[in-house]
Amino acid sequence: GYSVRPRKILILGGPAPYFAEHLNDISDYDVQVIPRWKVANAIGAIIGTVSLRRSVSISPDENGHFRLGGVPDAPVFTDIDDAEAHAKNYLQATLLELAQRAGATHPHIRFSTHDASAAATDGQAIFVSRTIEGWAAGRPDIHTAASPVA
């Protein structure tokens, strides 16, 4: 088999000096910080994108109602369209808040919907669940200090 044994490891990023120092202490590699790493970080911030994804599921319960999963208090609806509207509103607000907290300016939010079904013994499709995924993406605001997002 092949073996890779680099002569040098270059590190880039805000904590690069810290990691380079410690990796030099614990390894036999020549570990260095990329020259002008602050400039490289600034370029990354300018051309980078803040991107987040969250999802909500809608499942029928034993009473024929629709329960939302991934939403606080798991609300229940009698109509799937109402459940989907609530899920999208929740995702829109949550993704907007998280993206802005992560440093995005004017994040764009989009959704996709996927249904899962199973076949009954007579061949009819039975609705099992609907998953609504939301994505938020936006350019980082290099003038705002972002907080980490879970």
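Counting starts from 1 at the beginning of each chain's written sequence and moves along it residue by residue. In keeping with the model being predicted, local features are shown solely for residues with a pLDDT of at least 70 and side-chain atom pairs are shown and tallied solely at 80 or more, while totals for entire chains, interfaces and linings include all residues. Water and hydrogen atoms play no part in the side-chain values, which are based on all heavy atoms of the structure.

**Brief notes about the pattern of salt bridges**
Here comes step 1: A side-chain nitrogen of Lys or Arg and a carboxyl oxygen of Asp or Glu constitute a salt bridge if their distance falls within 4 Å. As enumerated under the stated definition, the model contains five salt bridges in all.
Here comes step 2: The residue R130 makes a salt bridge to E84 at a minimum N-O spacing of 2.7 Å. With R130 in strand β7 (residues 125-140) and E84 in helix α3 (residues 80-101), this pair connects stretches of sequence that are 46 residues apart.
Here comes step 3: Exposed residues in this analysis have more than 50% of their type's maximum accessible area, buried residues have under 20%, and partly exposed residues fall in between, with area computed by a 1.4 Å probe over protein chains only. Its relative accessible area of 14% is what places R130 among the buried residues.
Here comes step 4: Residue E84 is classed as buried on the basis of its relative accessible area of 14%. Per the convention used, a helix needs a DSSP run of H or I reaching at least four residues, while a strand needs a run of E reaching at least two, with both numbered from the N terminus.

**Comments concerning α3**
Structural remark: α-helix, 3.6 residues per turn; residues separated by three or four positions point the same way.
Here comes step 1: By this rule, a helix spans an expected 1.5 Å times one less than how many residues it contains. Over its 22 residues, α3 runs 31 Å from end to end, which matches the ideal 32 Å to within 8%, given 1.5 Å per residue.
Here comes step 2: Buried within α3 we find I80, A83, E84, A87, L91, T94, L95, L98 and A99. Taken around the axis of α3, the buried residues stretch over an arc of 125°, which confines them to a single face. Residues of α3 that are exposed and point over 90 degrees away from its buried face: D81 and N89.
Here comes step 3: Against β3 (50-60), β4 (66-69), β5 (76-77), β6 (104-119) and β7 lie the buried residues of α3.
Here comes step 4: Residues adjacent in sequence count toward polar contacts only when both atoms are side-chain atoms; beyond that, a polar contact is any pair of N or O atoms within 3.5 Å, and within protein one must be able to donate a hydrogen and the other to accept it. A distance of 3.0 Å separates the backbone nitrogen of D81 from a side-chain oxygen at the start of α3, and that oxygen is part of D79.
Here comes step 5: Trailing α3 by a residue or two, G103 shows a phi angle of about 105°, which is positive. By definition, the arc is the one covered by directions from the helix axis to the C-beta atoms. The contact rule is simple, with two residues in contact once any of their heavy atoms fall within 4.5 Å.

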